[in-house]
Amino acid sequence: MQISRIGVVGAGQMGNGIAQVCAMAGYAVVMRDVAEAALARGLATIEQSLARLAAKGRLSHEEQAAARARIETSTALAALADCDVIIEAATENEALKLAIFRELDAVAKPGAILASNTSSISITRIAGATGRADHVIGMHFMNPVPVMQLVEIIRALQTADAVYAATEALARALGKTPVEVRDAFGFVSNRVLMPMINEAVFCLYEGVGTPEAIDTVMKLGMNHPMGPLALADLIGLDTCLSIMEVLHTGFADSKYRPCPLLRQMVDAGWLGRKSGRGFYVYGS
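About the cut-offs
Along each chain, the written sequence defines residue order, and numbers are assigned to residues from 1. Confidence filtering applies because this is a predicted model: local features only for residues at pLDDT of at least 70, side-chain atom pairs given and counted only at 80 or more, and all residues used for totals across whole chains, interfaces and linings. Hydrogens and water molecules were not included; the side-chain quantities draw on all heavy atoms of the structure. What counts as a ring pair is set by centres within 6.5 Å for rings of Phe, Tyr and Trp (its six-membered ring), and what kind of pair is set by the plane angle: stacked under 30 degrees, edge-to-face over 60, tilted for all other angles. Strands are runs of DSSP state E lasting at least two residues, helices are runs of H or I lasting at least four, and both sets are numbered from the N terminus onward. The buried label goes to any residue with under 20% of its type's maximum accessible area, the exposed label to any with over 50%, and the partly exposed label to all in between, with areas taken from a 1.4 Å probe on protein chains only. UniProt positions are given in the numbering used here, feature names are shortened, and annotations may be inferred rather than shown by experiment. Method remark: on a 1 Å grid restricted to protein atoms, a set of points is classed as a cavity if a 1.4 Å probe fits but cannot get out and as a pocket if it is open with protein on both sides within 12 Å along at least five of seven lines; lining residues have an atom within 4 Å of a point. Note on contacts: a residue pair is in contact if any heavy atoms of the two residues lie within 4.5 Å. Boundary definitions for the domains trace back to an automatic or database domain assignment. When two components associate, each loses some accessible surface as probed by a 1.4 Å sphere; the sum of these losses over both components is called the buried area. For this analysis, a salt bridge means a side-chain nitrogen from Lys or Arg found within 4 Å of a carboxyl oxygen belonging to Asp or Glu. Think of a polar contact as two N or O atoms within 3.5 Å of one another; within protein, one of them needs to be a possible hydrogen donor and the other a possible acceptor, and neighboring residues in sequence only count if both atoms come from side chains. Classification convention: Asp, Glu, Lys, Arg as charged; Ala, Val, Leu, Ile, Met, Phe, Trp, Tyr, Cys, Pro as nonpolar; all other residues, Gly among them, as polar. Grid points are joined across faces, edges and corners, and a volume is the space filled by probe spheres set on the points. Paired strands, as defined in this entry, are two strands with at least two bridges between them according to DSSP. Simply put, an axis is a line fit to the C-alpha atoms, just over the touching stretch for a helix, and the angle between two N-to-C directions goes from 0 to 180 degrees. Handedness of a crossover: with both strands directed away from the viewer, a clockwise path from the first strand across the helix to the second marks it as right-handed. Working rule for helices: expected span equals 1.5 Å times residues minus one. Here the arc refers to the set of directions running from the helix axis out to each C-beta atom.

**Overview of the packing of aromatic side chains**
- Applying the stated criterion across every chain, the model contains three aromatic pairs.
- With a centroid separation of 5.6 Å and 85° between ring planes, the pair formed by Phe-185 and Phe-251 is classed as edge-to-face. Of this pair, Phe-185 sits in the loop between β8 (177-181) and α7 (189-205) while Phe-251 sits in helix α10 (residues 237-251), and the two are 66 residues apart along the sequence.
- On the basis of relative accessibility, which here comes to 28%, the residue Phe-251 falls in the partly exposed class.
- Ring centres of Phe-202 and Tyr-205 lie 6.3 Å apart, and the angle between their planes is 70°; this geometry places the pair in the edge-to-face category.

Right, dumping it as structure tokens:
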């Protein structure tokens, strides 16, 4: 399966990272979002990231310019019509993702692969929202996308073998390490990670330790590069809560119950780095 043009739905934290690595690997990229302001922010993030890589000598200035030139943007879904692969990187909300995939199914060319960057939602259910379920697959990148090597490849019950093979090959072409996992809520990454983060929030909620104490224990005691509360701030507390809710509902098991403090902080708009405040305070 020949892949030369890749569409990315969403210009946020994950979407612009996916667009960047695709462009750096030599693919033509169309990054689509519903608002021009979101596209402008996404492009600015990509340009800053490329500039940092060039300053560190990891890209030549020619490669930096070429990668940026491969990215075009649009607010129109129809701009994705000629893409060979379309990777959805919208907010972790099942109803929204199902709606996006129905729309993509209507505009994408025959044979195009529709991939979701969902971090927890059933790929089989997403595939079922389309008329090309055999061409739908999960492609879960890690954050930050330009840095992290892993991509979880999640095969829906309906996914064709050729589609899986093409997606795995694409991940390798992007310089990533693909790992096949089953279509189970949270897959492997977030089924392990999010309960750990949630338990760290419970430790804070119950007064077992301060955010600094909890994170220091995990960094120095368990050799984690980042503490779980700082990591939650990086991921976004709203995303963490959404994933915990998927796990709690999907498995109907109380061990996945989101900590009340996590829910309160999301209600307060304290979402982590992106809002300037989470378990820590960011910015001036």
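Now that the structure has been shown, the text picks up again.
**Considerations on the UniProt feature "binding site: NAD(+)" (unreviewed entry) in the protein chain**
- In this structure's numbering, the residues bearing the UniProt feature "binding site: NAD(+)" (unreviewed entry) are Gly-10, Ala-11, Gly-12, Gln-13, Met-14, Gly-15, Asp-33, Glu-92, Lys-97, Ser-119, Asn-143 and Lys-274. Residues that both appear in the annotated list above and line the largest pocket are Gly-10, Ala-11, Gly-12, Gln-13, Met-14, Asp-33, Glu-92, Lys-97, Ser-119, Asn-143 and Lys-274.
- Structurally, the position occupied by Lys-97 is in helix α4 (residues 94-107).
- Lys-97 has contacts with Glu-88, Ala-90, Thr-91, Glu-92, Ser-116, Thr-118 and Ile-121, leaving out every residue within four places of it along the chain.
- Structurally, Ser-119 can be placed in the loop between β5 (113-116) and α5 (123-128).
- Using a relative accessible area of 8% as the deciding quantity, one classes Ser-119 as buried.
- Those residues within four positions of Ser-119 in sequence are excluded, and the remaining contacts are Glu-92, His-140, Gly-186, Phe-187, Asn-190 and Ile-243.

**Some points on the domain arrangement of the protein chain**
- Domain annotation of the protein chain identifies domain 1 (5-182) and domain 2 (190-274).
- Each of domain 1 and domain 2 has a C-alpha centre, and these two points are 26 Å apart.
- Each partner contributes to the interface: domain 1 provides seven residues, whereas domain 2 provides six residues.
- Taken over both partners, the interface formed by domain 1 and domain 2 buries close to 570 Å², and the fraction arising from carbon and sulfur atoms is 52%.
- Considering only the surface of domain 1 that becomes buried against domain 2, Glu-92, Ser-119 and Ser-120 emerge as the three largest contributors, covering 55% of it.
- Connecting domain 1 to domain 2 are zero salt bridges.
- Across the domain 1-domain 2 interface, the total number found is one residue pair in polar contact (both at pLDDT 80 or more).
- Among the residues making up the side of domain 1 that touches domain 2, the classes are represented as one nonpolar, five polar and one charged.

**With respect to the side chain of Asn-16**
- Locating Asn-16 in the fold gives a position in helix α1 (residues 13-24).
- Within the local environment of Asn-16, its side chain forms a polar contact with the backbone oxygen of Gly-12, the two atoms lying 2.7 Å apart.
- Not counting the four nearest positions on each side in its chain, Asn-16 is found in contact with Gly-10, Ala-11, Met-31, Gly-42, Thr-45 and Ile-46.

**Some remarks on the layout of surface pockets**
- Put simply, the largest pocket is a space of about 1400 Å³.
- Along its surface, the largest pocket is lined by 49 residues, and Gln-13, Met-14, Asn-143, Ile-235 and Thr-239 are the ones closest to its centre.
- Elements with a contribution of two residues or more to the lining of the largest pocket: α1, α4, β6 (136-141), α7, α9 (228-235) and α10.
- Residues belonging to the lining of the largest pocket are distributed by class as follows: 24 nonpolar, 16 polar and nine charged.
- Two domains share the lining of the largest pocket, each providing at least three of its residues, namely domain 1 (5-182) and domain 2 (190-274).

**Looking at the sheet that holds strand β1 (residues 5-9)**
- The eight strands lie next to each other as β3-β2-β1-β4-β5-β6-β7-β8, forming an open sheet whose pairing is mixed. Only two strands of the sheet have a single neighbouring strand rather than two, namely β3 (71-74) and β8. For this sheet, the mean inter-axis angle between neighbouring strands, taken without regard to orientation, is 25°.
- With three bridges joining them, β5 and β6 adopt parallel strand pairing.

**Some remarks on the pairing of β8**
- Summarising the sheet, strand β7 (residues 150-155) and β8 pair through five bridges and their orientation is parallel. In the sheet register, Val-151 faces β8, and the bridge partner there is Pro-178.
- Each parallel crossover has a hand, and for β7 linked through helix α6 (residues 161-173) to β8 it is right-handed.

**Side note on helix α8 (residues 211-222)**
- Between its terminal C-alpha atoms α8 stretches 16 Å, which fits the 16 Å expected from twelve residues at 1.5 Å a residue.
- Turning to α8, its buried residues are Pro-211, Ile-214, Asp-215 and Met-218. One side of α8 holds all its buried residues, which, seen down the axis, span an arc of 95°. Of the exposed residues in α8, those oriented more than 90 degrees away from the buried face are Leu-220 and Gly-221.
- Along its buried surface, α8 packs onto α7 and α9.
- Looking one or two residues beyond α8, the residue adopting positive phi is Asn-223, at roughly 65°.

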